[in-house]
Amino acid sequence: MAKLLSCVLGPRLYRVYRERGLARPSRAGEETAEGSPGAQDGSWESYYQPRTLEKHADSILALASVLWSISYYTSPLAIFYLYRKGYLTMSKVVPFSHYAGTMLLLLAGVACLRGIGRWTNPQYVQFITVLEDSHRIGTPEIKKKLASYNFDFRSWPVDFQNPGVSRGISLLRPEPKHRSAANGFLRSVKKLPCQIVSYVVAHTFGRRVLYPGSVYLLQKAVMPMLLQGQARLVEEYNGKRAKLIACDGNEIDTMFMDRRESSEPHGKKLVICCEGNAGFYEVGCLPTPLDAGYSVLGWNHPGFAGSTGVPLPQNEANAMDVVIQYAIHCLGFLPEDIVLYAWSIGGFTATWAAMSYPDISALVLDASFDDLVPLALKVMPDSCRGLVTTTVRQYLNLNNGEQLCKYQGPVLLIRRTKDEIITTTVPEDIMSNRGNDLLLKLLQHRYPEVMAEEGLRVIREWLEASNAVEEAAVYSAYEVDDDWCLSVLKSYRAERGGHFPWSVGDDMTPEGRRQLALFLARKHLRNFEATHCAPLPPHEFRLPWHL
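About the cut-offs
Every chain is numbered independently, its residues counted from 1 as its sequence is written. It should be noted that, the model being predicted, local features are given only for residues of pLDDT at least 70 and side-chain atom pairs only at 80 or more, the latter also being counted only at that level, while totals for whole chains, interfaces and linings use all residues. Computation of side-chain values: all heavy atoms of the structure, hydrogens and water removed. Every axis in this analysis is a line fitted to C-alpha atoms, fitted for helices over the stretch in contact. Angles between the N-to-C directions lie between 0 and 180 degrees. Numbering of helices and strands starts at the N terminus; helices are DSSP runs of H or I of at least 4 residues and strands are runs of E of at least 2. For classification purposes, angles smaller than 35 degrees are called roughly parallel, those larger than 145 roughly antiparallel, those between 65 and 115 roughly perpendicular, and all remaining angles oblique. Left-handed describes a crossing whose near helix is turned anticlockwise from the far helix through less than a right angle; right-handed describes the clockwise counterpart. Any two residues whose heavy atoms approach within 4.5 Å are treated as being in contact. Here, a strand pair is defined by DSSP locating no fewer than two bridges between the strands. Using a 1.4 Å probe on the protein chains alone, a residue whose accessible area is under 20% of its type maximum counts as buried, one over 50% counts as exposed, and one in between counts as partly exposed. Residues enter a nonpolar core if they are buried and are Ala, Val, Leu, Ile, Met, Phe, Trp, Tyr or Cys, with the set joined through side-chain atoms within 4.5 Å. UniProt positions are given in the numbering used here, feature names are shortened, and annotations may be inferred rather than shown by experiment. Residues enter a patch when their relative accessible area is above 30% and they make no salt bridge; the linking distance is 9 Å between like charges and 5 Å between nonpolar side chains (Val, Leu, Ile, Met, Phe, Trp, Tyr). The method behind every accessible area is Shrake-Rupley, applied with a 1.4 Å probe, and residues are considered shielded solely by the protein chains displayed. The rule for a salt bridge is simple: a side-chain nitrogen of Lys or Arg has to be within 4 Å of a carboxyl oxygen of Asp or Glu. Directions drawn from the helix axis to the C-beta atoms are what define this arc.

> Would you mind going over the packing of helix H15 (residues 434-446) against helix H16 (residues 453-463) with me for this structure?
A pair of packed helices can be characterised by two numbers: the angle between their axes and the separation between those axes. With their axes 11 Å apart at the nearest point, H15 and H16 run at an angle of 155 degrees to one another. Between H15 and H16, the interaxial angle falls into the category roughly antiparallel. When you trace H15 past H16, the crossing you get is right-handed. For the pair formed by H15 and H16, the contact residues are Asn436, Leu439, Leu440, Leu443 and Gln444 on the first element and Leu456, Ile459, Arg460, Trp462 and Leu463 on the second.

> Please explain the sheet that holds strand E4 (residues 240-245) as it appears in this structure.
Sheet strands line up and pair through hydrogen bonds in the backbone, either parallel or antiparallel. Taken in spatial order, the 9 strands line up as E3-E4-E5-E7-E6-E8-E9-E10-E11 in an open sheet, and their pairing is mixed. One side of each edge strand has no neighbouring strand; the edge strands of this open sheet are strand E3 (160-161) and strand E11 (525-528). Two elements, strand E8 (residues 338-343) and strand E9 (residues 362-366), share 5 bridges in a ladder whose sense is parallel. Along E9, the bridge assignment pairs Tyr341 with Val364. Contacts from helix H10 (residues 313-329) reach E3, E4, strand E5 (251-257), strand E6 (270-274), strand E7 (295-299) and E8, with the element oriented near 150 degrees to E7.

> Please clarify how the pairing of strand E10 (residues 411-416) should be interpreted in this entry.
Look at any regular strand and the pattern is simple: side chains alternate between the two faces of the sheet. Judged by how many residues are buried, E10 sits mostly within the fold: 6 of 6 residues are covered. Burial along E10 is two-sided: the face carrying Val411, Leu413 and Arg415 and the face carrying Leu412, Ile414 and Arg416 are both buried. With 4 bridges joining them, E10 and E11 adopt parallel strand pairing. Opposite Leu413, over in E11, you have Leu525 as the bridge partner.

> Help me understand the nonpolar core in this model?
One recurring pattern in soluble globular proteins is that nonpolar side chains are buried together. Among the nonpolar cores identified, the biggest contains 90 residues, and Ile272, Met320, Leu340 and Val504 are the most heavily contacted of them. Element by element, the count of residues in this core is highest for H10, at 8 residues. Apart from residues no more than four positions distant in its own chain, Val504 is found in contact with Tyr447, Glu449, Val450, Val488, Leu489, Tyr492 and Leu516. Formed by 28 residues, the second largest nonpolar core is a distinct cluster that contains Val271, Tyr341, Val364 and Leu412.

> Mind showing me how you'd approach the UniProt feature "domain: AB hydrolase-1" (unreviewed entry) in the chain here?
Listed under "domain: AB hydrolase-1" (unreviewed entry) in the UniProt record, and renumbered for this structure, are residues 270-387. This span, residues 270-387, is 36% helix and 18% strand, and a straight line between its end C-alpha atoms measures 41 Å.

> Please clarify how a nonpolar patch on the surface should be interpreted in this entry.
On the surface, a cluster of nonpolar side chains totalling about 730 Å² of accessible area is made up of Leu63, Leu67, Trp68, Ile70, Tyr72, Tyr73 and Leu217. Looking at which element gives the most residues to the nonpolar patch, the answer is helix H3 (residues 52-85), with 6 residues. Positionally, Tyr73 belongs in helix H3. Using a relative accessible area of 33% as the deciding quantity, one classes Tyr73 as partly exposed.

> Would you take a moment to explain the environment of Glu336 for this structure?
The residue Glu336 is located in the loop between H10 and E8 in this model. The spatial distance from the C-alpha of Glu336 to the C-alpha of Val392 is 34 Å, given a sequence separation of 56 residues.

> What is the right way to look at H16 in this model?
Think of an α-helix as turning once every 3.6 residues; residues three or four places apart then point the same way. All of the buried residues in H16 are Glu454, Gly455, Val458, Ile459, Trp462 and Leu463. Looking straight down H16, one finds that the buried residues subtend no more than 165 degrees of arc, so they occupy a single side. Looking at the buried side of H16, the elements it contacts are E10, H15, helix H17 (468-477), helix H19 (510-524) and E11.

> Explanation requested: helix H1 (residues 2-9) in the structure shown.
Turning to H1, its buried residues are Leu4, Ser6, Cys7 and Val8. Lining the buried residues of H1 we find helix H4 (90-119) and helix H5 (122-136).

> Which parts of the structure should I look at to understand the pattern of salt bridges?
Side chains that differ in charge, positive against negative, can pair when their charged atoms come close. All told, the structure shown has 20 salt bridges when counted by the stated rule. We note a salt bridge from Arg12 to Asp58, for which the minimum N-O separation is 3.7 Å. One end of the pair, Arg12, is in the loop between H1 and strand E1 (13-16); the other, Asp58, is in helix H3, with 46 residues separating them in the sequence. Take Asp58: its relative accessible area is 8%, and that puts it in the buried class. Taking the shortest distance from any N to any O, the salt bridge between Arg416 and Asp366 comes out at 2.7 Å. On the criterion of sequence distance, the pair formed by Arg416 in strand E10 and Asp366 in strand E9 is long-range, its members being 50 residues apart. Owing to a relative accessible area of 1%, Arg416 belongs among the buried residues under this scheme. Linked through salt bridges whose partners overlap, the residues forming this network are Asp370, Arg434, Asp437 and Lys441.

Below, the structure written as structure tokens:
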């Protein structure tokens with residue numbers, strides 16, 4: 001009976017992985033370790049096969065879950081409609097509550113039938129035994145057996161908890177304007193309604209628009225792709241899944257692929273991937289550094305797939321912090337061997353980590369932006385301009401540029417020349433790409449003397465180039481001498497150290513500043529001719545330039 005109860009309350013089982021080495025897909029003409037051509041039957045993809053009773057009960061419960069999610073998102077409109085029709089009276093609500101209670105009892109019965117179906121399936125009984133042993137004993141051998149199963153991540157045992165809970169994780173916030181006490185109080189009272197509206201907007205549809213990957217219905221739609229992606233990482237790349245607990249209590253779903261013992265030349269470098277607002281490590285930017293031969297650690301935003309919580313900036317920083325701590329304390333990587341790679345909105349957590357862990361080796365930002373406000377204003381009506389700015393600044397402040405300037409290490413920006421997401425006008429207007437502003441903020445902070453009037457003007461001219469031919473034409477027009485620029489920078493660093501900002505260029509001619517500005521821009525930004533969501537090919541993934 002105890003085992004039956006465990007089957008009733010146990011998690012959903014999606015897949016049972018084959019033994020490592022038996023399930024690897026073969027190349028053309030090769031055979032698997034079992035001697036059969038793996039490409040013929042695809043048997044390495046071993047989905048769990050539930051019995052008929054469990055299968056149909058799961059379908060009913062899944063449908064009920066989707067209907068509940070739709071009801072949740074449409075509840076404000078439904079309540080308003082029922083109120084206007086006069087249905088929100090005691091005489092109408094009481095019968096409805098009876099119907100709801102009956103439905104809950106029926107769903108509980110379906111769950112019990114599903115448990116019976118699981119109980120009669122030896123494969124599920126074996127799984128639930130391993131899961132219980134993992135929670136009770138937790139030895140490496142038991143956890144290795146558990147890694148052979150893909151199941152509802154909420155039941156996965158904790159692998160690592162942030163040891164720095166008490167150290168405090170802070171964000172850069174806008175500085176408040178100083179006013180007298182009386183004026184400040186009156187302004188606070190006047191702004192209170194706007195602040196309430198901003199809070200409601202940010203915590204309801206605002207964060208869901210900003211992070212659509214956290215919407216349950218979208219996750220339900222892409223679940224087959226996520227399961228397929230996890231299977232590929234585990235079975236082809238020997239991926240190790242782990243549950244991390246952030247300092248706010250959120251559970252973070254991660255996957256680690258270790259290349260340190262392989263023949264790959266970059267295997268000793270760990271690339272931590274930060275996905276976009278609808279990206280998951282299973283199907284996001286992670287394959288780019290993985291196929292390029294690096295050790296890779298992927299993780300999902302709070303509220304995405306197996307991760308819990310909601311993707312607000314503070315929660316994002318907390319999640320990034322525990323991922324870094326896990327890489328250092330559990331996986332055994334030094335900060336000097338860690339590279340941060342972010343795509344799109346993932347630039348926020350990557351720049352926060354670079355700012356908070358200054359010994360990080362390098363930072364690569366692909367299709368990212370400097371500030372969320374201009375992009376939010378682009379998609380909202382002008383009448384909401386004040387509300388949008390206040391909401392973003394107070395609750396959704398993704399200030400990538402400000403955080404990036406706090407980092408002292410090597411940086412590479414990848415600009416998509418046909419980007420339709422982070423441009424503020426049209427994709428063809430490459431000068432409205434917010435990646436340009438990210439580059440300018442970085443160079444103006446690091447090399448303020450070089451980025452005077454002449455330097456700023458030539459960089460803007462260079463940024464207008466949308467292809468390699470136009471770039472080279474601008475570069476050659478100003479007769480940039482790479483060797484001279486390199487020698488100037490090396491001499492400055494040898495004499496005055498490497499901490500930014502540098503005063504190099506304060507005694508140069510305008511021609512020299514123009515040359516140095518173009519040299520630095522070319523070293524910090526690369527164009528990639530593609531739209532925002534096109535995958536970056538592995539051969540395009542490179543570490544940033546540094547002296």
